[in-house]
Structures are given as structure tokens and as C-alpha cells.
Amino acid sequence: AQSVAQPEDQVNVAEGNPLTVKCTYSVSGNPYLFWYVQYPNRGLQFLLKYITGDNLVKGSYGFEAEFNKSQTSFHLKKPSALVSDSALYFCAVIALSGTYKYIFGTGTRLKVLA
Amino acid sequence: NAGVMQNPRHLVRRRGQEARLRCSPMKGHSHVYWYRQLPEEGLKFMVYLQKENIIDESGMPKERFSAEFPKEGPSILRIQQVVRGDSAAYFCASSLLGLAGANEQFFGPGTRLTVL
């Protein structure tokens, strides 16, 4: 079965420190991987995606993600966290299941402490 | 350029009533997706529509739920005879092209349905 796992329900990090939000995937074929962010009472906003090419993908708001095929991972990173980065982060993969559709992870709540 | 619009933002219904959720995709987008999000959970795919066609409804409960995307007007997600378990946030997303090209989706702010 095709799936996405976010092993941490919550990640706490001090402002100014680097942050990592983990994501692993299980799909057949080459994956299309995405990160979205959700602020309270808002819809999801696109951060970045990996299709092919360079394993390090840069996205919005200073975020980046590293695709690791051997570990089937796509961890989200930022060198220096801001309090305003506190939100719910979702990893997703496009999988062919009938039609192409998104499969989302369960989300990781990031709290950046001042 | 207005984003994806959903209304109402909050909807309260009593058990047995009908809920109608509306979604206007981004201008020029003809692909619409509906998702349900339960508290502290990820988004679960419900249905994928293009203008006047249901492409994939594999995530939609077989009973009481229906969706449409008419030639004119917004996409509608309809829940008949709501039950407490239908309480959730329902998100609509749109894309310019289908997902085969790894296109990102643009999400609306969601409709939070509460069933009393």
C-alpha cells in the first residue's frame, strides 16, 4: 500500500535553532513529494515539492527539503526557526491509485519557542 | 487573483439535516478535490471532479454524500441526514492541471461542520 509517515506528532525547537520535520514514504515507482503548511483555521499552503533532479529542494519562507531515495525520506528543514513558523506541517505524495491523488501524512505540529 | 473560496466557513447542523458546502476554485482551474480533516488527523481524500464530471469518488462514503461541479457555478459537497461523526473540517482544493504532472493544489480555508 502506498503511504506517507510522519513519525513525530509534535516537534519543539527554540527560536534561531535549526529545525527538522521528518517524513518517510512508501510508493511504487518514482515519487512526487510535497510539503504543505497549515496555520490555525486556514487551508493548506504549498511549501515545496520534489519531482526529479537535485535532491535538495528549496521552497517558500526559507524552508528546504532533502530527498533521500535509499532511506525513502523527504525531511523538511530550516536553518534558523522563527516563532512564526509554528504551525501544522503535512508531507504528501502523489500516488497512482485509480487516478493520481495526494496521500497525506498525519501532520506534525511544530512549536517554535521564543 | 482570488484564491480558492469556500462557504460557509462554519456550518452547524442538527442530526438528520442536510449540509451543503460550496467551493469556488481559482480562476482558470478546472480540477477540484474535496478532503475531510478530523481533529488532529491528516487530510483524507474524498472526491476529484472536473467540470461536470466525477473523476474519482473512491474516498467518498457510499451513502449520504454526493458531490458535483457544474458547468457554471461552484462545486458542491452535499451531506444528507448528517450524523455527529460527520463533524469535521472539509477542504476544497483546485489545480490548473491534473496531478499526473505533479502539479500543486491550492486549498481553500475550509468549512468547519459541526453536527449537534
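See the structure printed just above.
Asks: How would you summarise the overall build of chain A if you had to cite specific residues and measurements?
Replies: Regarding its fold elements, chain A presents 0 helices and 12 strands. Written out in order from the N terminus, the α and β elements of chain A read β-β-β-β-β-β-β-β-β-β-β-β. The C-alpha atoms of chain A give a radius of gyration of 14 Å, which matches the 13 Å a tight globule of 114 residues would have. Viewed in the frame of its principal axes, chain A has a C-alpha envelope of about 45 × 30 × 20 Å. Sequence-distant contacts in chain A: of pairs separated by 6 or more residues, those separated by 24 or more amount to 54%.

Asks: Tell me about the sheet that holds strand E3 (residues 19-24) of chain B, and name the residues and values.
Replies: All names here are of chain B. Spatial strand order, E1-E3-E8-E7: 4 strands in an open sheet with antiparallel pairing. Only two strands of the sheet have a single partner each, and these edge strands are strand E1 (5-7) and strand E7 (65-68). For this sheet the average axis-to-axis angle between neighbouring strands, irrespective of direction, equals 15°.

Asks: Tell me about the interface of chain A and chain B, and please be specific about residues and values.
Replies: Taken together, the 23 residues of chain A in the interface contact 23 residues of chain B. At the junction of chain A with chain B, the criterion picks out 2 salt bridges. Notably, a salt bridge pairs Lys49 of chain A with Glu104 of chain B, separated by 3.0 Å at the nearest N-O pair. There are 6 residue pairs in polar contact (both at pLDDT 80 or more) connecting chain A and chain B. Only strand E5 (32-38), strand E6 (44-50), strand E10 (87-97) and strand E11 (99-104) of chain A provide two or more residues apiece to the side of chain A that touches chain B. Element by element, the count of residues in the side of chain A that touches chain B is highest for E11 of chain A, at 5 residues.

Asks: I'd love a proper account of the packing of aromatic side chains, names of residues and values included.
Replies: A full pass over the atoms with the stated rule returns 18 aromatic pairs over all chains. Taking the centre distance of 6.3 Å and the plane angle of 25° together, the rings of Phe34 of chain A and Tyr36 of chain A count as stacked. In terms of burial, Phe34 of chain A and Tyr36 of chain A fall into one category: buried. Seen from their ring centres, Tyr36 of chain A and Tyr102 of chain A are 5.8 Å apart, and the 55° between their planes marks the pair as tilted. Here the residue Tyr36 of chain A occupies a position in strand E5, and Tyr102 of chain A occupies one in strand E11, the gap between them amounting to 66 residues. Accessibility assignment for this pair places Tyr36 of chain A and Tyr102 of chain A in one class, buried. These aromatic residues form a ring-pair network of at least three members: Phe34, Tyr36, Phe46, Phe90, Tyr102 and Phe104 of chain A together with Tyr35, Phe45 and Phe107 of chain B.

What counts, and at which threshold
Residues numbered from 1 in each chain as written. Chains lettered and ligands numbered in written order. Predicted model: local features only at pLDDT ≥ 70, side-chain atom pairs only at ≥ 80, totals over all residues. Heavy atoms only, no water. Helix = DSSP H or I, 4+ residues; strand = E, 2+ residues; numbered from the N terminus. Rg over C-alpha atoms; globule rule 2.2 N^0.38 Å. Contact = heavy atoms within 4.5 Å. Pairing = 2+ DSSP bridges. Axes fitted to C-alpha atoms, helices over the stretch in contact; angles between N-to-C directions. Salt bridge = Lys/Arg side-chain N within 4 Å of Asp/Glu carboxyl O. Polar contact = N/O pair within 3.5 Å; in protein donor to acceptor, adjacent residues only side chain to side chain. Phe/Tyr/Trp six-rings, centres within 6.5 Å; stacked < 30°, edge-to-face > 60°. Buried < 20%, exposed > 50% of the residue type's maximum accessible area, 1.4 Å probe, protein only.

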